[in-house]
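# Geometric and topological summary
Spelled out, the chains give:
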Amino acid sequence: MVKKAPQTDNLFDQNFRDELVKSAPLADRMRPRDFVDFVGQQKIVGEGSPLRRQIELDSLASLILWGPPGSGKTTLAKIISTKTNSHFQPMSAIGFATAEFRKTIQQILERRKFEKRRTILFVDEIHRLNRAQQDQLLPYLEKGVITLIGATTENPSFELNSAILSRSQVYVLNSLEISDLKILAQNAIQNLESGLGKFELKIEDDALERICELANGDARILFNILERAAFSADNQKVDLKFVEKLVENLVLFYDKKGEEHYNLISALHKSMRDGDADAAIYWLARMLESGEDPLFIARRVVRFASEDVGIADPLALQISLAAKQAVEFLGLPEADTALGQAVVCCARAEKSNSIYVALGKVRADIQKFGNLPVPLDLRNAPTKLMKDLKYGANYKYFHSDPTAAEQQHLPDELTGRKYLE
C-alpha cells in the first residue's frame, strides 16, 4: 500500500499558526484555556456557581457579560467555546456587515438542519451594534436558532434593546483585585512556555505591588507592563525605581520643541502666582509680540484662574473666560487689553490652590485603589435590571430626610477621607 505524501500546505499552516502564537502579545499567550487557570470573578464562575454549572452541563442560555476592560469577558467566552458541543461562532461588532451576517446566519441554519447542532454566537463589543443591527439578531434569538453571548464594557440597560435584554441573563464582571493581578503576574513571570519564564525576571515585592496598582484592575495592562519590563530591565532586575521610570517614559512622552514658548508661559504663570502684576503684563506683551497664539495664552490664564486663584476669588475665572471670548470675537490686536485685564486681575487676586491640591490627593487615591465601585445606595436605577441589582435601594433623599447628609458617599476604602483644606 502506497503511503500518501504529507500535506505540506497543512504543515505550513500549522507552523505559521504556531509562530503567530509565539509572537503574540503576552496577554494573548497567557489567556486561560480552562477554569482551573481563570483568575477572578469567582462569584460568577466559581465552583458550583449557576453559570459554571450551565457551562459544564452544556446547557447555556443567552447571556451578556458586562464589565470593564481586562476583566475576563473574552477569556470566559473562549473557555465556554471549549466546553460545549455547540458550534462556537465569534463575531465582532466592529465592522458589522449585513451581508456577512446573513451569510453567517445561513450557515447556522444549515448546521442546525443537517448536523442538528446548536450555535453559540459570541458578539464582542456588542454595544457597538446600533439598534437596527441588534434587531437583525432578535428573530434568531427568539426562535432559539442561536444562543447569544455578548461582551460589553457599557451599561447594557442603555446600549441594548430591551428585547435582547429580556432574553439574556446579564452577568456583571468587576475589575480584578490586586490579589488576582498578583497571581496573574506570578504565573506570567514563571511560565516558560507562554510567559516570561525565559527572562528569569527578579521583581521586588514593592515593584510588583506598584505594577498591579498601575494595571488598575485590567489584566491586559498588567501583562503589557510586565512584557515591557522584561524587554527593558537590566540584569532581569525590576525594582520600584525601575517601574516608576518605565511608566514615566510611557506616559510623559511629548514633543519638547520650542523651549522659549514654554519658558515665556512659565514666567507669566509664576509672575501671576507671586502677585507681580508688572512682570505678568511684561511677559504677556513679550508673548504677544513674538506671535504667540492668543488663544493659547487665554487658555493658560483660564487654567491659572481656577488652579491658583480658585475659590479665593471666583470672579477671576469669569474675567478670564470673558477674555477668551474677547480673543475669539475681536482677535488681535484689539483683544490684547482684554488679555491684559485678565492677567492683572489674576496677579492681584487673593490666591488659593485648595481645589488643585484636593484633586491631586484624589488622583493619588485613584492610582492606589483603582476604579472603586460607586456605593450601591448612590447609584441611579432607571432600568429594571439596575433595580434588581439593588442600585439606589437605601438612598436617603436630603430634602425629606435630614439624616441623608450622614450617609456614606465615598467607596468603603475611602470612608472618612478629607481632601479639601
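Okay, so let's go over this structure. What you see is a predicted model, and the numbers here were worked out from it, not measured in a lab.

Let us now look at the sheet that holds strand E3 (residues 119-124). Sheet architecture is open: 5 strands sit in the order E2-E3-E4-E1-E5, paired in parallel fashion. Two strands in the sheet have a free side with no partner beyond their single neighbour: strand E2 (87-92) and strand E5 (169-172). Each strand of the sheet is rotated relative to its neighbour by a mean of 20 degrees, with strand direction disregarded. In this structure, E2 lies alongside E3, joined through 6 bridges in parallel fashion. Residue pairing for E3: Ser92 is matched across the bridge by Asp124. Sitting on the sheet, helix H5 (residues 73-83) is in contact with strand E1 (63-66), E2, E3 and strand E4 (146-152), with an inclination near 165 degrees to E3. Against the sheet, helix H6 (residues 98-114) makes contact with E2, E3 and E4, and its axis sits at roughly 175 degrees relative to E2, the strand it touches most.

So, about a nonpolar patch on the surface. On the surface, Ile311, Ile355, Leu359 and Leu420 cluster together into a nonpolar patch covering about 370 Å² of accessible area. Summarising the element assignment, Leu359 is placed in helix H19 (residues 354-369).

Attention now goes to the pattern of salt bridges. Tallied over the full model, the rule gives 18 salt bridges. The salt bridge involving Arg29 is made with Glu227; its shortest N-O contact spans 3.4 Å. Placement of the pair is Arg29 in helix H2 (residues 26-29) and Glu227 in helix H12 (residues 219-232), with a sequence separation of 198 residues. Of the residues examined, Arg29 reaches a relative accessible area of 14% and is grouped as buried. Glu227 sits in the buried class, given a relative accessible area of 15%. The closest approach of N and O atoms between Lys182 and Glu209, which form a salt bridge, is 2.5 Å. Of this pair, Lys182 sits in helix H10 (residues 178-190) while Glu209 sits in helix H11 (residues 205-215), placing them 27 residues apart in sequence.

This part is about the environment of Met386. Within the secondary structure layout, Met386 lies in helix H20 (residues 384-388). Separated by 229 residues in the primary sequence, Met386 and Ser157 place their C-alpha atoms 7.8 Å from one another.

Next up on the list: the packing of aromatic side chains. For the coordinates displayed, the defined rule picks out 4 aromatic pairs. Between Phe101 and Tyr140, the aromatic rings sit 6.3 Å apart at their centres with planes inclined by 70 degrees, giving edge-to-face as the arrangement. Taken together, the positions of Phe101 in helix H6 and Tyr140 in helix H7 (residues 131-142) put the pair 39 residues apart, joining distant regions of the chain. Owing to a relative accessible area of 3%, Phe101 belongs among the buried residues under this scheme. Summarising the aromatic geometry, the rings of Phe199 and Phe231 are spaced 5.2 Å apart at their centres and angled 80 degrees between planes, so their arrangement reads as edge-to-face. Of this pair, Phe199 sits in the loop between H10 and strand E6 (202-203) while Phe231 is found in helix H12, placing the two residues 32 residues apart along the sequence.

What follows covers the packing of H6 against H7. In the contact formed by H6 and H7, the axes pass within 11 Å of each other and the chain directions differ by 10 degrees. In terms of orientation, H6 lies roughly parallel with respect to H7. Residues Thr98, Phe101 and Ile105 of H6 pack against Gln136, Leu137 and Tyr140 of H7. A per-class count over the contact of H6 with H7 returns 4 nonpolar, 2 polar and no charged.

Right, let's talk about the nonpolar core for a bit. Grouped together as the largest cluster of nonpolar side chains are 33 residues, with contacts concentrated most on Leu184, Leu201, Ile203, Leu222, Phe223, Leu226 and Val238. Per-element accounting of this core gives the leading share, 7 residues, to H12. Excluding residues within four positions of it along the chain, Ile203 makes contact with Ile189, Leu208, Leu226 and Val238. With 29 residues, the next largest nonpolar core counts Phe296, Val309, Ala323 and Ala338 among its residues.

Now for the pairing of E4. Counting buried positions along E4 yields 7 of 7 residues, so the element is predominantly enclosed. With burial as the criterion, each face of E4 is covered, one bearing Ile146, Leu148, Gly150 and Thr152 and the other bearing Thr147, Ile149 and Ala151. Across 6 bridges, the pairing between E3 and E4 is parallel. What sits directly across from Leu121, in E4, is Leu148. For the crossover from E3 across H7 to E4, the handedness is right-handed.

Okay, H12 next. A rise of 1.5 Å per residue sets the reference length of H12, with its 14 residues, at 20 Å; its end C-alpha atoms lie 20 Å apart and thus fit the reference within 8%. Along H12, the residues classified as buried are Ala219, Leu222, Phe223, Ile225, Leu226, Glu227, Ala229 and Ala230. At the N-terminal boundary of H12, the capping side chain belongs to Asp218, with an oxygen 2.8 Å from the backbone nitrogen of Arg220.

Let us now look at the packing of helix H17 (residues 315-330) against helix H18 (residues 336-348). At their nearest, the axes of H17 and H18 sit 8 Å apart, and the two run at 165 degrees to each other. With respect to each other, H17 and H18 are oriented roughly antiparallel. Relative to H18, H17 is oriented so that their crossing is left-handed. Between H17, through Ala316, Ile319, Ser320, Ala323, Ala326 and Val327, and H18, the contact on the second element is made entirely by Ala338, Leu339, Ala342, Cys345 and Cys346. Of the residues assigned to the contact of H17 with H18, the class counts are 10 nonpolar, 1 polar and no charged.

Moving on: unusual backbone geometry. Along the chain, Leu332 connects to Pro333 via a cis peptide bond; the corresponding omega equals 10 degrees. On the secondary structure map, Pro333 appears in the loop between H17 and H18. Here Glu200, not a glycine, exhibits a phi torsion of approximately 50 degrees, which is positive. Along the chain, Glu200 falls in the loop between H10 and E6.

Criteria and thresholds
Residues numbered from 1 in each chain as written. Predicted model: local features only at pLDDT ≥ 70, side-chain atom pairs only at ≥ 80, totals over all residues. Heavy atoms only, no water. Pairing = 2+ DSSP bridges. Helix = DSSP H or I, 4+ residues; strand = E, 2+ residues; numbered from the N terminus. Axes fitted to C-alpha atoms, helices over the stretch in contact; angles between N-to-C directions. Contact = heavy atoms within 4.5 Å. Patch = residues over 30% accessible without salt bridge, like charges linked within 9 Å, V, L, I, M, F, W, Y side chains within 5 Å. Areas by Shrake-Rupley, 256 points an atom, 1.4 Å probe, with all protein chains shown as cover. Salt bridge = Lys/Arg side-chain N within 4 Å of Asp/Glu carboxyl O. Buried < 20%, exposed > 50% of the residue type's maximum accessible area, 1.4 Å probe, protein only. Phe/Tyr/Trp six-rings, centres within 6.5 Å; stacked < 30°, edge-to-face > 60°. Parallel < 35°, antiparallel > 145°, perpendicular 65-115°, else oblique. Nonpolar A, V, L, I, M, F, W, Y, C, P; charged D, E, K, R; others polar. Core = buried A, V, L, I, M, F, W, Y, C linked by side-chain atoms within 4.5 Å. Right-handed = clockwise from strand over helix to strand, strands pointing away. Expected span 1.5 Å × (residues − 1). Polar contact = N/O pair within 3.5 Å; in protein donor to acceptor, adjacent residues only side chain to side chain. Left-handed = near helix turned anticlockwise from the far one by under 90°.

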